[in-house]
Amino acid sequence: MDFGQVVGAIILILVVIFVVVAARRAIRIVPQAVALIVERLGRYQTTMYAGLHLLIPFVDRVRAGVDLREQVVPFPPQPVITSDNLVVSIDTVIYFQVTDPKSATYEIANYIQGIEQLTVTTLRNIIGSMDLEQTLTSRDQINGQLRGVLDEATGRWGIRVNRVELKAIDPPQSVQGAMEQQMRAERDRRAAILTAEGVKQSQILTAEGEKQSSILRAEGAAQAAILRAQGESRAILQVFDAIHRGDADPKLLAYQYLQMLPQIANGSSSKLWVVPAEFTAALGSITSAFGGGGGGDTPPAAPRGDGPSDAGAARERAPEMIEGLDIDLPETSLQDPAEALREARSQVDEATAEASTAGEHTGAPFNRSAEAGQAPPDEPIPPAAKPWSPHGE
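Residues numbered from 1 in each chain as written. Predicted model: local features only at pLDDT ≥ 70, side-chain atom pairs only at ≥ 80, totals over all residues. Heavy atoms only, no water.

1. Here we look at the packing of aromatic side chains
Inference 1: By the definition in use, this model includes three aromatic pairs.
Inference 2: Taking the centre distance of 6.0 Å and the plane angle of 75 degrees together, the rings of Phe 96 and Tyr 111 count as edge-to-face. Placement of the pair is Phe 96 in strand 7 (residues 87-98) and Tyr 111 in helix 3 (residues 111-128), with a sequence separation of 15 residues.
Inference 3: A residue is classified by how much of its surface remains accessible, and Tyr 111, at 16% relative accessible area, is buried. (Phe/Tyr/Trp six-rings, centres within 6.5 Å; stacked < 30°, edge-to-face > 60°. Helix = DSSP H or I, 4+ residues; strand = E, 2+ residues; numbered from the N terminus. Buried < 20%, exposed > 50% of the residue type's maximum accessible area, 1.4 Å probe, protein only.)

Here it is, written out as structure tokens:
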């Protein structure tokens, strides 16, 4: 192979390499959400978006590729001084998107660094006009002010700031301890207030319940007293009418008096039975009424018969004198006087025996003189018993 053929082969190879390189540089495929900045001979030529594009080899070149998606950039904590001279550490997060690739490429060298520095300076200006409490409770206000300032400053860079978030606000440790104590005291105060309110409501409800219960109990007692008084009134009226219908005389009253004596002596705790002074007068009234004598001091009983008398007139006028008595009472029948006298004497003997027994148990002998005054005149006085002695003599 001669020299000319070698040179021709070399040239052919070089042409093939040139064609391949030129074709590669001339054909560019741009992916979605990416923009390419193209310069021709060092000057801005065009912006290529997604798709197939042709360039002039060795004349046009791609200056930079710009991501058109929204980007999230966290910035490290920055120390910021509040208006009350406290240093707080604030972490920020910026959400931005490139809207103009040409401006983002030619208006600023590094837009991410520019956004970071602008965020720090703006944050210090905003926090410097607030105290610690406002800083901790005004996150939305700080985010809005910071976003407005950044969006206005980065607009000429072809960047739109969508959101600015304060990720963390960390006060000093001493301030954190004081804040924890304050919050604990506030919670204790609220708990004490709620407890006091609960106790107050409970006491009010309890007092209301006791008031209603007392009112209802008093009303019930009043109704019961009224009904009891009405019942006792009707019973008294009925007894009164029965006495007047039966035309009671002193003999009946003395008999009722004698019937009450055994009930007075009846009792498990009775050790001494006292005979009342009216006992002899009652016996005298009975014996004089039945012709027993010895009752000269007792006034004679009112005469009974078919003729008009005071008792009969009182009995006939009784229903008219009693107001409100509209009941029909049954006819009453009195016990035979002789039988009543025998029953009264037997009860008196039993009462006397019980009194003697009680006196012997207490060590005091029974006084026979008292028994002589209580016995009817037509009965003999029993012989006196020997005095009781503890030695049985």
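Once you've had a look at it, read on.
2. Considerations on the pattern of salt bridges
Inference 1: Under the definition given, this model contains seven salt bridges.
Inference 2: The partner of Arg 40 in a salt bridge is Asp 60, and the shortest N-O contact between them spans 2.5 Å. Of this pair, Arg 40 sits in strand 2 (residues 34-40) while Asp 60 is found in strand 5 (residues 60-67), placing the two residues 20 residues apart along the sequence.
Inference 3: For Arg 40, a relative accessible area of 30% corresponds to the partly exposed category.
Inference 4: For Asp 60, a relative accessible area of 5% corresponds to the buried category.
Inference 5: Arg 189 is paired through a salt bridge with Glu 186; the nearest N and O atoms lie 2.4 Å apart. In this pair, Arg 189 and Glu 186 are both assigned in helix 6 (residues 173-246), three residues apart and thus about one turn of the helix distant.
Inference 6: Relative accessible area serves as the criterion here: at 25%, Glu 186 is assigned to the partly exposed category. (Salt bridge = Lys/Arg side-chain N within 4 Å of Asp/Glu carboxyl O.)

3. Description of unusual backbone geometry
Inference 1: The backbone phi angle of Phe 58 is positive, close to 65 degrees, even though this residue is not glycine.
Inference 2: Structurally, Phe 58 can be placed in the loop between strand 4 (51-54) and strand 5.
Inference 3: Backbone geometry places Asn 85, a non-glycine residue, at a positive phi of 60 degrees.
Inference 4: Mapping Asn 85 onto the fold places it in the loop between strand 6 (71-81) and strand 7.

4. Observations concerning a nonpolar patch on the surface
Inference 1: On the surface, Val 6, Ile 10, Ile 11, Ile 13, Leu 14, Val 15, Ile 17, Phe 18, Val 19, Val 21 and Phe 58 cluster together into a nonpolar patch covering about 980 Å² of accessible area.
Inference 2: Secondary-structure assignment places Phe 18 in helix 1 (residues 3-26). (Patch = residues over 30% accessible without salt bridge, like charges linked within 9 Å, V, L, I, M, F, W, Y side chains within 5 Å. Areas by Shrake-Rupley, 256 points an atom, 1.4 Å probe, with all protein chains shown as cover.)

5. Re helix 3
Inference 1: Taking 1.5 Å of rise per residue, the 18 residues of helix 3 would be expected to cover 26 Å, and the 25 Å separating its terminal C-alpha atoms lies within 8% of that figure.
Inference 2: The inward-facing, buried residues of helix 3 abut strand 6, strand 7, helix 2 (101-106), helix 4 (132-137), helix 5 (139-154) and strand 8 (159-170).
Inference 3: The backbone nitrogen of Ile 112 lies 3.3 Å from a side-chain oxygen of the residue at the head of helix 3, namely Asn 110. (Expected span 1.5 Å × (residues − 1). Contact = heavy atoms within 4.5 Å. Polar contact = N/O pair within 3.5 Å; in protein donor to acceptor, adjacent residues only side chain to side chain.)

6. Some words on the confidence of the model for the protein
Inference 1: Looking at the protein as a whole, its pLDDT mean stands at 75, while 67% of the residues score no less than 70.
Inference 2: Looking across the protein, the model is least confident in helix 9 (residues 310-321), with a mean pLDDT of 45, and most confident in strand 2, with 91.
Inference 3: Note on residues 292-327: pLDDT under 50 across the span, and 31 contacts to partners over four residues away in sequence or across chains.
Inference 4: The low-confidence segment residues 384-393, where pLDDT is below 50, has five contacts with residues more than four positions distant or belonging to other chains. (pLDDT = per-residue confidence, 0-100.)

7. Quick word on the pairing of strand 7
Looking down a regular strand, the side chains alternate between one sheet face and the other.
Inference 1: As paired elements, strand 6 and strand 7 share nine bridges and run antiparallel to each other. Counted as the bridge partner of Pro 79 is Ser 89 from strand 7.
Inference 2: Joining the antiparallel neighbours strand 6 and strand 7 is a turn of five residues, in which Asn 85 adopts a positive phi near 60 degrees.
Inference 3: Inspection of the sheet shows strand 7 paired to strand 8 by ten bridges, in the antiparallel sense. Within strand 8, the position partnered with Ile 94 by the bridge is Val 164. (Pairing = 2+ DSSP bridges.)

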